[in-house]
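Here is how the chains run, residue by residue.
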Amino acid sequence: AGDCHWHDHLSRSPSPQPCHHREGLLNRLPAGTMSSARERPETVTLGNVSTLSTFELRQECEARNATLPKQINHTTLLQTLVRVLLDERADAERRECERLDQERADLRERLEREKTARKAAAVERSRQRQLAAAAAQQAQETVGAQNQCTEHHQAPAAAA
């Protein structure tokens, strides 16, 4: 009697002793336990999908417009909902990758604009330094020419 196999019960007389196959889970639970045993999760995820009842699985499948399998039972509904949840996760990951790619492209573009602006500013500063150096050189040459001219004019006057 310790070894209870379903096929043994099929071949026995019509009144075998009850076993776990013939007693349903509800027959073993105290009254009122089923309703208070667990609460339905607020959001169905891959982590909690296995805790849903067959009724809840079907409701979720219908709410997510999933194509229901031809044979509806707990296993097929669970497989269907898991497939839907995996598809949703893949879509979310794809959208996140697209968002990150767009952020990278925007950052690359912004950095390129900033680099171009810094380079243009550096070129302008260099041009201004060159103009200032050329103006200083010209001023020095002008002062040097004036000094030569002054010395040249003063020398004949000193000689006379």
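Caption draft 1: Focus on the overall build of the protein. Of the regular secondary structure elements, the protein holds five helices and zero strands. For the protein, the proportion of its 160 residues judged to be buried stands at 12%. Across the protein, the fraction of contacts at a sequence separation of at least 24, relative to all contacts at a separation of at least 6, is 21%. Carbon and sulfur atoms provide 54% of the accessible area of the protein, an area that totals close to 13000 Å².

Caption draft 2: Just the nonpolar core, in detail. Val 44, Val 49, Leu 52, Leu 57, Cys 61, Ala 66, Leu 77, Leu 81, Val 84 and Leu 85 together form the largest nonpolar core, which totals 10 residues. Of all the secondary structure elements, the ones that give two or more residues to this core are helix H4 (54-63) and helix H5 (74-159). If you tally residues by element for this core, the top one is H5, at four residues. Here Val 49 is in contact with Val 44, Leu 57, Leu 78, Leu 81, Val 82 and Leu 85, once residues within four sequence places are set aside.

Caption draft 3: Spotlight on the pattern of salt bridges. The final tally for this structure, using the stated rule, is 10 salt bridges. Among the salt bridges present, the one from Arg 64 reaches Glu 88, with a minimum N-O distance of 2.5 Å. Of the two residues, Arg 64 sits in the loop between H4 and H5 while Glu 88 sits in helix H5, which places them 24 residues apart along the sequence. Accessibility expressed as a relative area gives 25% for Arg 64, which makes it partly exposed. With its nearest N and O atoms 2.8 Å apart, the salt bridge here joins Glu 124 to Arg 127.

Cut-offs and rules
- Residues numbered from 1 in each chain as written.
- Predicted model: local features only at pLDDT ≥ 70, side-chain atom pairs only at ≥ 80, totals over all residues.
- Heavy atoms only, no water.
- Helix = DSSP H or I, 4+ residues; strand = E, 2+ residues; numbered from the N terminus.
- Buried < 20%, exposed > 50% of the residue type's maximum accessible area, 1.4 Å probe, protein only.
- Contact = heavy atoms within 4.5 Å.
- Areas by Shrake-Rupley, 256 points an atom, 1.4 Å probe, with all protein chains shown as cover.
- Core = buried A, V, L, I, M, F, W, Y, C linked by side-chain atoms within 4.5 Å.
- Salt bridge = Lys/Arg side-chain N within 4 Å of Asp/Glu carboxyl O.

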